[in-house]
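Understanding the architecture of this molecule
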Amino acid sequence: MTTPAQKLVSTPTTLYEPLLHRHPANPILSSKDWPYSINSVFNAGATLLADGSTLLLCRVEDRRGLSHLCAARSQNGVDGWQIDSKPTLMPSPKEYPEEIWGIEDPRITFVPELQQYVVTYTSYSRGGPGVSLAVTKDFRTFERYGVIMPPDDKDTALLPRRIDGYWALIHRPMTKLGAHMWISYSPDLRHWGRHRLMLEARRGAWWDANKIGLSPPPIETSRGWLVFYHGVRHTPSGCLYRLGLALFELEKPEKCLLRGDSWIFGPEAEYERHGDVDDVVFPCGYTMNPDGDTINLYYGAADCSIALARTSVRTLLDWLDENGCCERRQRADDV
Ligand code: BMA
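The structure contained in this document is the topic of the report that follows. Per chain, residue numbering runs from 1 following the sequence as it is written. Given that this is a predicted model, residues contribute local features only at a pLDDT of at least 70 and side-chain atom pairs are listed and counted only at 80 or more, while totals for whole chains, interfaces and linings are drawn from all residues. Only heavy atoms go into the side-chain values, all of them from the structure, while hydrogens and water stay out.

**Description of the overall build of the chain**
Operational definition: Secondary structure follows DSSP: runs of H or I at least 4 residues long count as helices, runs of E at least 2 residues long count as strands, and numbering of each begins at the N terminus. Restricting the calculation to C-alpha atoms gives the radius of gyration, and the globule rule supplies 2.2 Å times the number of residues raised to the power 0.38. Areas reported as accessible are Shrake-Rupley estimates using a 1.4 Å probe. Residue values count occlusion only from the protein chains shown. When charges are counted, Lys and Arg are positive and Asp and Glu negative, with His and the chain ends excluded. Charge positions are represented by NZ for Lys, CZ for Arg, CG for Asp and CD for Glu.
Helix and strand content of the chain: three helices and 24 strands. Taking 2.2 N^0.38 as the reference for a compact globule, 335 residues should give roughly 20 Å; the C-alpha atoms of the chain span a radius of gyration of 19 Å, in line with that estimate. Accessible surface computed for the chain: about 14800 Å², of which carbon and sulfur atoms make up 51%. The averaged location of the 42 negative side-chain charges in the chain is 3 Å from the averaged location of its 37 positive side-chain charges.

This is the structure we're talking about:
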């Protein structure tokens, strides 16, 4: 019999059943698909447009090594991509000096109250990566708010609605204590405060030791905010980027309800294992099917291409119920 105390620590399942299923057409986008000369395309934000088509806002690295964003649209979210013939959002270092070394890794949140998409992205400044925000109705023109979190900070997305009257932003500042996920609140998307630690990187040999960050924007479910996050493991041959799962309280999103111990997705396919940066899966966006359950997760593979994996909200919540622990036992000091 399992006592409540034992239940707090999950034991690894002996049988490994994949929770995410790679699309057979993977990778679905790479540099050879691009209408202009580039080095690579990866780490795309994703959203559904009003007509039901899928938009990816892709990070494109040019042949100088600097990144910009470019939109690709598809009816089915898998193929037939219509890619903008030139960059959709370029760094503007004259007006926004924080973008001098490019803009990277966008996340898209459709905000019903604003009837606009809010895009948060990394602006690569002389001081390191910071967080910038822009809003758009159509991914053709953007209103830029500039830098909203100073360096060193990244891996950020806005929640689609206010929490207790305030906008909420998840981000990953680097501090002396490590690279943990934080949440901050704002009355107007410009002024941010009430910073709270949301999820800590673990330590030692853990797969998500020292450095974690939000992957796509959180998914609102009846049980809480479902959050995919990436964990970075430093190895003698480089970093390993894998995906983990956690659940947070709906009206108090800094409160972690459940966190999985093991990663749920990692680099296995050839296009994930080998590229400009080996062994990276890095999702920045998802779309939800009309059934309200099927998740299409778009991820950068080895910093070279964009791939798609499918899963379902129900499966993920069931897995967390089986394998997740109460977060209190998972603080860095406890493990
Ligand atoms: C992270 C980010 C991502 C990148 C990953 C692997 O720090 O910069 O854009 O995909 O490293 O290189």
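**Digging into the nonpolar core**
Formally: What we call a nonpolar core is a set of buried Ala, Val, Leu, Ile, Met, Phe, Trp, Tyr and Cys residues that are connected through their side-chain atoms within 4.5 Å. When accessible area is computed with a 1.4 Å probe and restricted to protein chains, residues below 20% of their type maximum are described as buried, those above 50% as exposed, and intermediate ones as partly exposed.
The biggest cluster of nonpolar side chains holds 26 residues, and the ones touching the most others in it are Leu226, Phe228, Leu245, Ile264, Phe265, Tyr299 and Leu316. Among the elements that make up this core, the one with the highest residue count is helix H3 (residues 313-323) (five residues). Listed in part, the 20 residues of the second largest apolar core include Ala157, Tyr185, Leu199 and Tyr229.

**Here we look at the state of the cysteines**
Put simply, the rule is: By disulfide we mean two sulfur atoms from cysteines, separated by a distance within 2.5 Å.
Here the structure, examined in full by the defined rule, presents zero disulfides. With no disulfide of its own, Cys284 has Cys58 as its nearest cysteine by sulfur position, at a separation of 10 Å. Its sulfur unpaired, Cys304 is 14 Å from the next cysteine sulfur, which belongs to Cys58. With relative accessibility at 23%, the residue Cys304 sits in the partly exposed group.

**As for the side chain of Thr311**
The criterion, for reference: Two N or O atoms form a polar contact when they lie within 3.5 Å of each other; inside protein one atom must be a possible hydrogen donor and the other a possible acceptor, and for residues adjacent in sequence the pair counts only when both atoms belong to side chains. Should any heavy atoms of two residues lie within 4.5 Å, those residues are considered in contact.
Take Thr311: it is sitting in strand S23 (residues 305-312). We classify Thr311 as buried; its relative accessible area is 6%. A polar contact is formed between the side chain of Thr311 and the backbone oxygen of Leu19, at a distance of 2.9 Å. If we skip the residues at most four places from it in the chain, Thr311 touches Leu19, Leu20, Phe228, Asp293, Thr294, Ile295 and Leu316.

**Let's talk about the sheet that holds strand S4 (residues 54-61)**
Our working definition: DSSP calls a pair of strands paired once it identifies at least 2 bridges connecting them.
Spatially, S3-S4-S5-S6 is the arrangement adopted by the four strands of the open sheet, whose pairing is antiparallel. Each edge of the open sheet carries a strand with a single partner, namely strand S3 (40-48) and strand S6 (82-83). With two bridges joining them, strand S5 (residues 67-74) and S6 adopt antiparallel strand pairing. Directly across from Ala72, in S6, lies its bridge partner Ile83.

**Points about the side chain of Thr156**
Position of Thr156 relative to the elements: it lies in strand S11 (residues 153-158). A polar side-chain atom of Thr156 sits 2.8 Å from the main-chain carbonyl oxygen of Ile170. Setting aside chain neighbours within four positions, we find Thr156 in contact with Arg107, Thr120, Val131, Leu169, Ile170, His171 and Leu214.

**Details of the pattern of salt bridges**
Rule in force here: Put simply, a salt bridge is a Lys or Arg side-chain nitrogen that is within 4 Å of an Asp or Glu carboxyl oxygen.
Counted by the stated rule, this structure contains 22 salt bridges. Its salt-bridge partner being Glu268, residue Arg22 comes within 3.9 Å of it at the nearest N-O pair. You can see Arg22 sitting in strand S1 (residues 21-22) and its partner Glu268 sitting in the loop between strand S20 (252-260) and helix H2 (270-273), a full 246 residues away along the chain. Residue Asp155 pairs with Arg107 through a salt bridge whose shortest N-O separation is 3.4 Å. Remark: Arg107 occurs in strand S7 (residues 103-111) and Asp155 occurs in strand S11; sequence separation between them is 48 residues. A single burial state applies to Asp155 and to Arg107, both of which are buried. It is possible to trace a salt-bridge network through shared partners that takes in Arg202, Asp208, Arg259 and Asp261.

**A few points about the site of the ligand**
Threshold: Only heavy atoms are used to decide nearness, and a residue is near a molecule or strand if one of them lies within 4 Å of it. The nonpolar class holds Ala, Val, Leu, Ile, Met, Phe, Trp, Tyr, Cys and Pro. Asp, Glu, Lys and Arg form the charged class, and all remaining residues, Gly among them, are polar.
Around the ligand, the neighbouring residues are Asn43, Arg59, Asp105, Lys154, Tyr241, Val277, Val280, Phe282 and Asp303. Between Arg59 and the ligand, the recorded distance is 2.7 Å, taken from a side-chain N or O atom to an oxygen atom. Lys154 is positioned such that a nitrogen or oxygen atom in its side chain is 3.3 Å from an oxygen atom of the ligand. Against a free-state accessible area of 310 Å², the protein chains account for coverage of 84% of the ligand. Of the residues belonging to the shell around the ligand, the class tally is four nonpolar, one polar and four charged.

**Considering the pairing of strand S22 (residues 294-301)**
Among the eight residues of S22, eight are classified as buried, and the element is accordingly described as predominantly covered. Every second residue of S22 is oriented toward a common face, with Thr294, Asn296, Tyr298 and Gly300 on one face and Ile295, Leu297, Tyr299 and Ala301 on the other, all of them buried. By the bridge criterion, seven bridges tie strand S21 (residues 281-288) to S22 in an arrangement that is antiparallel. Note that in S22 the partner of Tyr286 across the bridge is Leu297. Between S21 and S22, which pair antiparallel in sequence order, lie five residues; one of them, Gly292, sits at a positive phi of approximately 70°. Pairing of S22 with S23, which is carried by eight bridges, proceeds in the antiparallel orientation. Across the sheet, Leu297 pairs through a bridge with Ala309, a residue of S23. Taking the residues between adjacent antiparallel strands as the criterion, S22 and S23 are bridged by three residues, where Ala302 takes a positive phi near 50°.

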